[in-house]
Amino acid sequence: MDQDRDLVLGKTTVLMAENGGKYPDGNSLLVQGTEQTVLIDPSVGLVNRQHTLPRIDRVLHSHCHEDHFAGSFLFQEKPWHFHEYDAPSIKSLDALMEFYGYPAHIDKPWRQKVVADFNFTSCLHPVPFRDGDIFELGDCEIRVIHLPGHTPGHSAFHIFPDDVLYLGDIELSSFGPYYGDACSDLITFENSLRLVHDIPAKHYATFHHIGVLDRSNFEKRLRQFVEKIKSRESELLSFLSEPRTVDEVVDHRFVFRPGDELIYIDAVERYSMCQHIDRLVAVGKVCSTQDGRFMKIDPTS
Ligand SMILES: [Zn+2]
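Residues numbered from 1 in each chain as written. Predicted model: local features only at pLDDT ≥ 70, side-chain atom pairs only at ≥ 80, totals over all residues. Heavy atoms only, no water.

This next bit is on the coordination of the zinc ion. The zinc ion binds to the protein through His63 (NE2), His65 (ND1), His150 (NE2) and Asp169 (OD), with metal-donor distances spanning 2.1 to 2.2 Å. For the zinc ion, the four donor atoms in the first shell make angles of 91 to 169° at the metal, so the coordination geometry reads as irregular. Read N to C, the donor residues that coordinate the zinc ion are spaced as H-x1-H-x84-H-x18-D. In terms of burial, His63 and His65 fall into one category: buried. (Donors = N, O, S within 2.8 Å, 3.2 Å for Na, K, Ca; no water. Tetrahedral: all angles 85-135°; square planar, octahedral: opposite > 155°, others 65-115°. Buried < 20%, exposed > 50% of the residue type's maximum accessible area, 1.4 Å probe, protein only.)

Here is the structure:
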């Protein structure tokens, strides 16, 4: 390895992305034991530095999203591991597209992009793992912690003895939690955020932006991350002071910024904010009108 910015934490090396981990790139992890070397979440940036990597024995994925397997094709002859709930989605492009669940006008350009820009390569026999599984690498090990919501199989990896907890896309950036695909689930994500808070570790590593945090900065970032969900919901509630259609909610953009340009933004806004609408309806803060709009219920009326 020849990259000055990489962070060595004992047996674990965080391969820091060139652009600071901004999507579509991210920080991959290399764990080198005396018997095996494992690569976690091979990012698109690894394509430019594959010659600097040691021999890899297996590839672990925190979940089945395009940016987390963009470098996996470099290791096609090695076992690819995914949580059992995400593993089916790497078997074909059609299966992956079902995971996102985008409408046809987004699905078509998106599947081209996943192949062209993220090197999608189907893996017919991914090796599934489950919560609590342990990968023994000789003098170190990787424990699987299932933290779903972002995707059904999204998992963290706790590496010992380095005590590095790799959080995947519980990425703790100011963007906030992402639960905007057909396979995502807001409530499950919130449960995972409560769970991860109670996992002590010396180092916390994420795929995007943040890199590595100590416990106190992890706690601070996690609080802000959780707050982001609440602020999206309270902003939505204010927006629904007037009756609004779902299309108006989508156009308003509660997740992405108005200037952001990605082909799937409308679909992600819809999946994300419909979950908030459903919750607000369920707790009696929002009602639907006869013409199919949603409106805040005034508690004083
Ligand atoms: Zn993801």
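The rest of the description comes next.
Right, let's get into the packing of helix 1 (residues 93–100) against helix 2 (residues 104–116). At a closest axis distance of 11 Å, the pairing of helix 1 and helix 2 adopts a crossing angle of 120°. Taken together, the axes of helix 1 and helix 2 lie oblique to each other. With respect to the hand of their crossing, helix 1 and helix 2 are arranged in right-handed fashion. Contacts between helix 1 and helix 2 involve Leu93, Asp94, Leu96, Met97 and Tyr100 from the former and Asp107, Trp110, Arg111, Val114 and Val115 from the latter. For the contact of helix 1 with helix 2, a count of residues per class yields seven nonpolar, no polar and three charged. (Axes fitted to C-alpha atoms, helices over the stretch in contact; angles between N-to-C directions. Helix = DSSP H or I, 4+ residues; strand = E, 2+ residues; numbered from the N terminus. Parallel < 35°, antiparallel > 145°, perpendicular 65-115°, else oblique. Left-handed = near helix turned anticlockwise from the far one by under 90°. Contact = heavy atoms within 4.5 Å. Nonpolar A, V, L, I, M, F, W, Y, C, P; charged D, E, K, R; others polar.)

What the seven strands build is an open sheet, ordered 1-2-3-4-5-6-7; its pairing is mixed. The open sheet has two edge strands with one neighbour each: strand 1 (7–9) and strand 7 (127–129). The average angle at which neighbouring strand axes cross in this sheet is 25°, direction not considered. Both strand 6 (residues 80–83) and strand 7 contribute to a ladder of three bridges, which runs parallel. Residue pairing in the sheet places Phe82 in a bridge with Pro128 of strand 7. (Pairing = 2+ DSSP bridges.)

A few words now on the domain arrangement of the protein. As assigned here, the protein comprises domain 1 (7–227) and domain 2 (232–296). A straight line from the C-alpha centre of domain 1 to that of domain 2 covers 29 Å. At the boundary of domain 1 with domain 2, total buried surface from both sides reaches about 1,500 Å², with 60% on carbon and sulfur atoms. When the buried area of domain 1 at its contact with domain 2 is split by residue, Phe175, Tyr179 and Leu186 rank highest and sum to 35% of it. Put simply, domain 1 and domain 2 have one salt bridge between them. (Domains from an automatic or database assignment. Buried area = accessible area lost by both parts, 1.4 Å probe. Salt bridge = Lys/Arg side-chain N within 4 Å of Asp/Glu carboxyl O.)

Okay, the sheet that holds strand 9 (residues 141–146) next. Within the open sheet, the six strands sit side by side as 8-9-10-11-12-13. Their pairing is mixed. Only two strands of the sheet have a single neighbouring strand rather than two, namely strand 8 (134–136) and strand 13 (212–213).

Our next topic: the packing of aromatic side chains. One pass over the full model with this rule turns up 16 aromatic pairs. Aromatic pair Tyr102 and Tyr264: ring centres 5.9 Å apart, planes at 20°, arrangement stacked. With Tyr102 in the loop between helix 1 and helix 2 and Tyr264 in the loop between helix 5 (246–252) and helix 6 (265–282), this residue pair connects regions lying 162 residues apart in the sequence. For the residue pair Tyr102 and Tyr264, the accessibility class agrees, reading buried in each case. Centroid distance Tyr179 to Phe189: 6.4 Å. Interplanar angle 80°. Geometry classified as edge-to-face. Linking Tyr179 in the loop between strand 11 (164–166) and helix 3 (186–197) with Phe189 in helix 3, this pair joins segments that are ten residues apart in sequence. (Phe/Tyr/Trp six-rings, centres within 6.5 Å; stacked < 30°, edge-to-face > 60°.)

One pass over the structure, following the stated rule, counts 16 salt bridges. Residue Glu190 pairs with Arg279 through a salt bridge whose shortest N-O separation is 2.6 Å. On the criterion of sequence distance, the pair formed by Glu190 in helix 3 and Arg279 in helix 6 is long-range, its members being 89 residues apart. What makes Glu190 buried here is its relative accessible area of 16%. Close ionic contact of Asp260 with Arg257 constitutes a salt bridge, the shortest N to O distance being 3.2 Å. For Asp260, a relative accessible area of 16% corresponds to the buried category.

Time to look at the layout of surface pockets. The space that makes up the largest pocket amounts to roughly 800 Å³. Lining the largest pocket are 34 residues, with Tyr23, Glu171, Phe175, His209 and Phe256 positioned closest to its centre. Take the lining of the largest pocket: its biggest share by element is five residues, from helix 4 (residues 215–239). When the residues that make up the lining of the largest pocket are grouped by side-chain class, the tally is 13 nonpolar, eight polar and 13 charged. Each of two domains, domain 1 (7–227) and domain 2 (232–296), supplies a minimum of three residues to the lining of the largest pocket. Looking at the second largest pocket, the residues that line it are Glu190, Leu193, Arg194, His197, Leu222, Val226, Ile229, Lys230 and Arg279. Contributing elements (two or more residues each) for the lining of the second largest pocket: helix 3 and helix 4. (1 Å grid on protein atoms, 1.4 Å probe; cavity = no way out; pocket = protein on both sides within 12 Å on 5 of 7 lines; lining within 4 Å. Points joined across faces, edges and corners; volume = space filled by probe spheres on them.)

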